[in-house]
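As a plain string of letters, each chain reads:
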Amino acid sequence: MRKSSWVLSLYALGASCAPAHRAVPEVQEGLTPQRRVARIVREYPHSTEAFTQGLVFHQGRLYESTGHQGTLRQLSFDKAEPVWLEPLGNIFTEGLASDGERLYQLTWTEGLLYTWRGDPPKRERTTRYAGDGWGLCYWEGKLVRSDGSSTLTFHAPEDFRPLGTVEVTLQGQPMDQLNELECANGVIYANVWHSSEVLEIDPNTGHVVAVIDASELTRNVAPQLRSTEAVLNGIAVEPGTGRMFMTGKLWPKLFEVRLEPAN
Ligand code: DDQ
Ligand code: CA
């Protein structure tokens, strides 16, 4: 290609792209998300049999909900095998939340919410609901449910009746595939299915206020993973200490992480 035509095509490219970009209004003030990186602080063992769908602290202990043949389990930091486990049969259990007194456990497509109480937890009630159950967390007296879409639904803990919804957006764009959730530090942390990014969502507006790059974790475990479904999923913040833990489905490790600003 002669230089003049090369310059000409560059110009044409610029002419076709640049104005279109400039025509988009400037990103609204306050909506530009922060960028953070999840750094590994410590590694603990995690069961490669655990298809992690929910992770939460409850009464000082760490609990996990796993899918396929569902379970509720209590984890320890020193071995992969759970300290306590209740098998739930052919039920695909999902998100797990604590209000301090009870544990609430979603199911993927079965439309059943299990409520647990006691130590070890005993199933207290089963409540029907409409829609998918993916992630669950407890925020200011309400349970927050994700269902794979960009909508989060708020529910009353007593009977799980829906109380309202919020649309999750990143600079105005809806963000779907929201999976495991954690309500802490005034935000909702959300795993995005099949992604190494965790979103920090303002529960009042649905705006994504920060995007966390957790690829240090996925890179760390990648050589040991055998399934394309072995994705990052599971966030728990320890009340009191504020320590943050992350894991993934079928992952051999549970990580304590520290969030740092990305450079
Ligand atoms: N969820 O995490 C997106 C809510 C559920 C993921 C389930 C993935 C299972 C895929 C394999 C299905 C085989 C019948
Ligand atoms: Ca969680």
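Presented here is an overview of the structure given in this document. (Residues numbered from 1 in each chain as written. Chains lettered and ligands numbered in written order. Predicted model: local features only at pLDDT ≥ 70, side-chain atom pairs only at ≥ 80, totals over all residues. Heavy atoms only, no water.)

1. Focus on the environment of Asn220
Thinking step 1. Mapped onto the fold, Asn220 is located in helix 2 (residues 215–221).
Thinking step 2. For Asn220, the residues in contact, after removing those within four places along its chain, are Ile40, Glu43, Lys253 and Phe255.
Thinking step 3. A distance of 2.7 Å separates the side chain of Asn220 from the side chain of Lys253, its partner in a polar contact. (Helix = DSSP H or I, 4+ residues; strand = E, 2+ residues; numbered from the N terminus. Contact = heavy atoms within 4.5 Å. Polar contact = N/O pair within 3.5 Å; in protein donor to acceptor, adjacent residues only side chain to side chain.)

2. Examining unusual backbone geometry
Trans peptide bonds make up most of the peptide bonds, and negative phi angles are found at most residues other than glycine.
Thinking step 1. Cis geometry marks the peptide bond from Asp119 to Pro120, where omega comes out at 0°.
Thinking step 2. Looking at the element boundaries, Pro120 is found in the loop between strand 8 (112–117) and strand 9 (122–128).
Thinking step 3. The backbone of Phe160 shows a phi angle near 60°, a positive value even though the residue is not glycine.
Thinking step 4. Note on placement: Phe160 falls in the loop between strand 12 (151–155) and strand 13 (162–167).
Thinking step 5. Taking relative accessible area as the criterion, Phe160 reaches 2% and is therefore assigned buried.
Thinking step 6. If you check the backbone angles, Asn185 has positive phi at about 55° while not being a glycine.
Thinking step 7. Relative to the helices and strands, Asn185 resides in the loop between strand 16 (178–184) and strand 17 (187–192). (Buried < 20%, exposed > 50% of the residue type's maximum accessible area, 1.4 Å probe, protein only.)

3. A few points about the site of ligand 1
Thinking step 1. Residues in contact with ligand 1, as listed here, are Phe51, Gln53, Phe92, Glu94, Trp108, Trp134, Asn179, Trp193, Glu229 and Lys249.
Thinking step 2. Take Asn179: an N or O atom from its side chain is 3.1 Å from an oxygen atom of ligand 1.
Thinking step 3. Between ligand 1 and the protein, one listed contact pairs an oxygen atom with a side-chain N or O atom of Lys249 at 2.8 Å.
Thinking step 4. For ligand 1, whose free accessible area comes to 430 Å², the fraction covered by protein is 68%.
Thinking step 5. Split into classes, the residues belonging to the shell around ligand 1 amount to five nonpolar, two polar and three charged. (Near = heavy atom within 4 Å. Areas by Shrake-Rupley, 256 points an atom, 1.4 Å probe, with all protein chains shown as cover. Nonpolar A, V, L, I, M, F, W, Y, C, P; charged D, E, K, R; others polar.)

4. Considerations on the state of the cysteines
Covalent bonding between the sulfur atoms of two cysteines is what defines a disulfide.
Thinking step 1. Inspection of every chain in the model, using the stated rule, returns one disulfide.
Thinking step 2. Here Cys137 connects covalently by a disulfide to Cys183, the sulfurs 2.0 Å from one another. Taking the torsion about the sulfur-sulfur bond, which here is approximately 45°, the covalent link between Cys137 and Cys183 counts as right-handed. Taken together, the positions of Cys137 in strand 10 (residues 136–139) and Cys183 in strand 16 put the pair 46 residues apart, joining distant regions of the chain.
Thinking step 3. Overall, the relative accessible area of 3% leaves Cys137 in the buried class.
Thinking step 4. According to the relative accessible area criterion, Cys183 is buried, its value standing at 15%. (Disulfide = S-S within 2.5 Å.)

By themselves, these figures tell us nothing about what the structure is for.
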